Amino acid sequence: MPAAVVTGSNSGIGHAFAEILVREGYRVHALDMTIGENMKSLGCQTHECDSSSEASIQAFATGFKGRQAGLVLNIAGIMAPHEQDTLEPTTHSVLLRTFSTNTFSPLLLTQALLPSLLLSPHPRIGLVSSRVGSIADDSSGGSYAYRASKAALNSVGKSMAIDLKEKGVVVVLMHPGYVKTGLDTSGKTHQMKEAVEPEEAAEKLWKVCMGKGIEEAGRFWHREGMGLDW
């Protein structure tokens, strides 16, 4: 099996995805800011990589140079507390920190690993976005940094799909729905009856990610399989 690179692997959806890839026989390279016990338990290669740091991304990519990567999953993400991300209080610092992880990192990591992806006969890129990044679906406002960073990620993913189509790279943008992770520090998501555990979200997203062909690249998909508006 080819190698797979997964960001955000120490917890949540990223960790659940890494578990799936290990089970499927991939040579998994799990990335996160720190190598915690969850990552150690995966039994795969682990790497400290700060998704918000271009230097950290480049350091990982330099060490990976010359290897084949069949799959790059950009899952790491952050969301500022609600009280910091409404119209009045949000700041340049909040915006920059959120965009650095949610938007810049997937672009820069994919860019850095593109030579390795192109060594694979069936290269694939997965981007975990969010429905709140859909401008057409925005009926609640707020969450300026998070919402805008995911809208920008959708734009990045769409452009990637167009630019890489002739090279045979499938780019899949995915919405996980409400998931019981530490992303929402208020804990409100955990109380929603429609919220699922990371393992269920990852299993469904895995089917979406691997089930799309080159003609469907660059579209935005719900974890349940239906397409979403931009």
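Overview of the structure. In this numbering scheme, every chain counts its residues from 1 along its sequence in written order. Where totals are concerned, whole chains, interfaces and linings use all residues; where local detail is concerned, this predicted model gives features only for residues with pLDDT of at least 70, and gives and counts side-chain atom pairs only at 80 or more. For side-chain calculations, the full set of non-hydrogen atoms in the structure is used, while hydrogens and water are omitted.

## Observations concerning the layout of surface pockets
Empty space among the atoms becomes visible once a probe the size of a water molecule is rolled across them.
Part 1 of the argument: Grid points spaced at 1 Å over the protein atoms alone were grouped into cavities, where a 1.4 Å probe fits but cannot get out, and pockets, open sets with protein on both sides within 12 Å along at least five of seven lines, with lining residues defined by an atom within 4 Å of a point. Grid points are joined across faces, edges and corners, and a volume is the space filled by probe spheres set on the points. What the second largest pocket holds in volume is close to 210 Å³.
Part 2 of the argument: Contributing to the lining of the second largest pocket are 14 residues, with Gly70, Ser120, His122, Pro123 and Arg124 lying nearest its centre.
Part 3 of the argument: Its residues assigned to classes, the lining of the second largest pocket shows eight nonpolar, five polar and one charged. The nonpolar class holds Ala, Val, Leu, Ile, Met, Phe, Trp, Tyr, Cys and Pro. Asp, Glu, Lys and Arg form the charged class, and all remaining residues, Gly among them, are polar.

## Examining the pattern of salt bridges
Part 1 of the argument: Any Lys or Arg side-chain nitrogen located within 4 Å of an Asp or Glu carboxyl oxygen qualifies as a salt bridge. Per the counting criterion, the structure on display carries 10 salt bridges.
Part 2 of the argument: Close ionic contact of Arg23 with Glu24 constitutes a salt bridge, the shortest N to O distance being 3.7 Å.
Part 3 of the argument: A residue is classified by how much of its surface remains accessible, and Glu24, at 35% relative accessible area, is partly exposed.
Part 4 of the argument: A salt bridge links Glu200 to Lys204; the shortest N-O distance between them is 3.0 Å. Here Glu200 and its partner Lys204 are both found in helix α6 (residues 198–211), four residues apart, which amounts to about one turn of the helix.
Part 5 of the argument: Bridged by salt links that share partners, the residues Glu200, Lys204, Arg223 and Glu224 form one connected network. Note on classification: 1.4 Å probe, protein chains only; a residue is buried when its accessible area is under 20% of the maximum for its type, exposed when over 50%, partly exposed between these limits. In DSSP terms, a helix is any run of H or I states spanning at least four residues, a strand is any run of E spanning at least two, and both are numbered starting from the N terminus.

## Regarding the nonpolar core
Within soluble globular proteins, side chains that are nonpolar tend to cluster in buried spots.
Part 1 of the argument: Core analysis: the largest hydrophobic core is formed by 56 residues, its most contacted members being Phe17, Leu21, Phe60, Leu71, Leu73, Leu113 and Ile125.
Part 2 of the argument: Working rule for contacts: check all heavy atoms of both residues, and any pair within 4.5 Å makes them a contact. Those residues in contact with Ile125, other than ones at most four positions away along the chain, are Val72, Asn74, Thr110, Leu117, Met160, Leu164, Val169, Val170, Val171 and Val172. Buried Ala, Val, Leu, Ile, Met, Phe, Trp, Tyr and Cys residues form a nonpolar core when they are joined through side-chain atoms within 4.5 Å.

## Overview of the packing of aromatic side chains
Part 1 of the argument: Each Phe, Tyr or Trp ring, with Trp reduced to its six-membered ring, pairs with another whose centre is within 6.5 Å; inter-plane angles below 30 degrees give stacked pairs, above 60 give edge-to-face pairs, and intermediate values give tilted ones. Scanning the model with the defined rule gives five aromatic pairs in all.
Part 2 of the argument: A centroid spacing of 5.6 Å and a plane angle of 35 degrees characterise the contact between Phe60 and Phe64, whose relative ring orientation is tilted. With a gap of four residues between them, Phe60 and Phe64 both fall in helix α3 (residues 54–64), about one helical turn apart. Here Phe60 matches Phe64 in class, with each residue buried.
Part 3 of the argument: Judged by centre distance (6.0 Å) and plane angle (45 degrees), the ring pair of Phe99 and Phe104 falls under tilted.
Part 4 of the argument: In this structure Phe104 comes out as partly exposed when scored by relative accessible area, which is 37%.
Part 5 of the argument: Taken together through their ring pairs, the aromatic side chains of Phe17, Tyr26 and Trp206 make up a single cluster.

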